[in-house]
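Structure assessment
Each chain, written out:
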Amino acid sequence: MKFAFPLPHMMEIKATLQPWELAVTGPDQLRLAQKAEEMGYAMVAVPEHLAVPPNHFAFSGRFFLHSTVAQAALAGATKTIRINSSVTILPLQNPITMAKGLATADWMSGGRMTVTFGLGSLQEEFEYFGVPWAERGAIADEYLEAIVALWTQDTPTFEGKYVSFKDIGFDPKPVQKPHLPIWMGGDSPPALRRAARFADGWICSYKTKAEEIPERLDYMKSQPTWRERPFDVMFGIGAGRMTDDHAPTNDPRSRAGMSAQELVDRIGEIRDYGATYTGVPIPQVPDAEAYIDYAQWVMEEIAAKV
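In this report, the structure presented in the accompanying data block is examined.

Calculation notes
Numbers given for residues are sequential positions, taken from 1 along each chain in its written order. Reporting of local features is limited, given that this is a predicted model, to residues whose pLDDT is at least 70; pairs of side-chain atoms are given and counted only at 80 or more, and all residues count toward the totals for whole chains, interfaces and linings. With hydrogens and water stripped out, all remaining heavy atoms of the structure feed into the side-chain values. Strands here are runs of E lasting at least two residues and helices are runs of H or I lasting at least four, both read from the DSSP assignment and numbered beginning at the N terminus. Between the first and last residue of a helix there are one fewer steps than residues, each counted as 1.5 Å, and that sum is the expected span. Only protein chains enter the area calculation, which uses a 1.4 Å probe; residues under 20% of their type maximum are buried, those over 50% are exposed, and those in between are partly exposed. By the convention used here, residues are in contact when the closest approach between their heavy atoms is within 4.5 Å. Grid spacing is 1 Å over the protein atoms alone, the probe is 1.4 Å, and a cavity is where that probe fits but cannot get out, while a pocket is an open set with protein on both sides within 12 Å along at least five of seven lines and lining residues have an atom within 4 Å of a point. Grid points are joined across faces, edges and corners, and a volume is the space filled by probe spheres set on the points. Each residue gets one label: Ala, Val, Leu, Ile, Met, Phe, Trp, Tyr, Cys and Pro are nonpolar, Asp, Glu, Lys and Arg are charged, and the others, such as Gly, are polar.

Quick notes on helix α6 (residues 136–152)
The end-to-end C-alpha distance of α6 is 24 Å, a good match for the 24 Å that 17 residues give at a rise of 1.5 Å each. When we look at burial in α6, the residues that qualify are Gly137, Ile139, Ala140, Glu142, Tyr143, Leu144, Ala146, Ile147, Ala149, Leu150 and Trp151. Structurally, α6 contributes buried residues whose contacts are with α4 (95–109), β5 (115–118), β6 (158–159), β7 (164–165), β8 (182–185) and α7 (189–198).

The following block contains the structure:
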């Protein structure tokens with residue numbers, strides 16, 4: 001089991017935010033990522049929304065980073081830790097620009113980028129970009145094909161409804177081969193089919209219960225597009241603390257501040273269900289320095305036992 005380090009102040013969602021996180025700045029986040037790397041964490045990940053509709057301020061807040069830009073900054077501040085997103089909203093991105101940004105970050109970081117793509121959850125956000133909500137699945141499928149073509153073909157060519165190009169120059173390619181890992185987010189059957197076809201990993205949504213992971217994996221592996229390969233599954237301990245709309249829940253198995261034995265038992269359960277990555281929720285501590293101490297405790301007392 002590998003551990004992701006939850007960077008503080010990635011979002012200002014009331015269900016998960018600790019008050020001290022509001023004082024954490026961008027430079028603080030870069031320093032914390034360096035500390036996470038030193039402590040042996042395997043990954044950090046950046047969530048994304050680009051324009052939050054007003055009717056979602058109450059639960060979601062308004063603070064989200066552009067995932068790819070933040071990933072590049074985090075890579076520049078670190079040396080070995082893997083940098084992921086959680087999740088990048090694919091239908092709202094130009095696929096050529098998206099592929100170029102991620103390939104550039106992978107090149108500059110020496111091959112440490114992963115990207116988790118999702119379809120987005122806020123219909124109004126799509127309206128701001130003029131992207132048809134009802135077509136987001138078809139757009140995502142086509143964009144994924146185009147991005148893979150850009151990353152793997154010498155002079156890429158792709159012809160589709162939403163994007164087309166022919167014999168273009170597109171270098172540098174990602175350092176990782178055949179390309180940087182693509183993960184998928186989402187719990188719906190189309191999302192799982194997309195993961196089966198395109199992905200090297202899957203981040204469980206807030207809807208997914210840990211005990212449902214084997215069923216979801218079986219469904220993916222039953223698809224005609226599935227091919228055998230290493231496949232990661234990320235299930236964070238805190239996944240059950242909120243709904244898809246970021247409203248709080250009261251799942252006792254997802255709360256922050258669980259005891260060492262509770263965490264060992266819960267992470268052992270998650271591992272046995274098929275997860276390969278997890279993360280421990282940010283606890284109720286007074287400040288970032290106390291959080292560093294807690295994160296070190298997690299690696300020494302929890303990770304070492306699972």
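Quick notes on empty space enclosed by the protein
This structure, assessed with the given rule, holds one cavity of 30 Å³ or more. In terms of lining residues, the largest cavity is bounded by Ala4, Pro6, Tyr41, Val280, Tyr291, Tyr294, Ala295 and Val298. Classifying every residue of the lining of the largest cavity by side-chain character gives eight nonpolar, no polar and no charged.

Here's the deal with unusual backbone geometry
Val87 follows Ser86 through a cis peptide bond whose omega is 5°. Residue placement: Val87 occurs in the loop between β3 (82–85) and β4 (88–89). With an omega of 0°, the peptide bond between Lys177 and Pro178 qualifies as cis. Along the chain, the position of Pro178 falls in the loop between β7 and β8. One non-glycine residue, His9, lies in the positive phi region at around 60°. Considering the arrangement of structural elements, one finds His9 in the loop between β1 (2–3) and α1 (26–39). One non-glycine residue, Asp167, lies in the positive phi region at around 50°. Along the chain, the position of Asp167 falls in the loop between β7 and β8.

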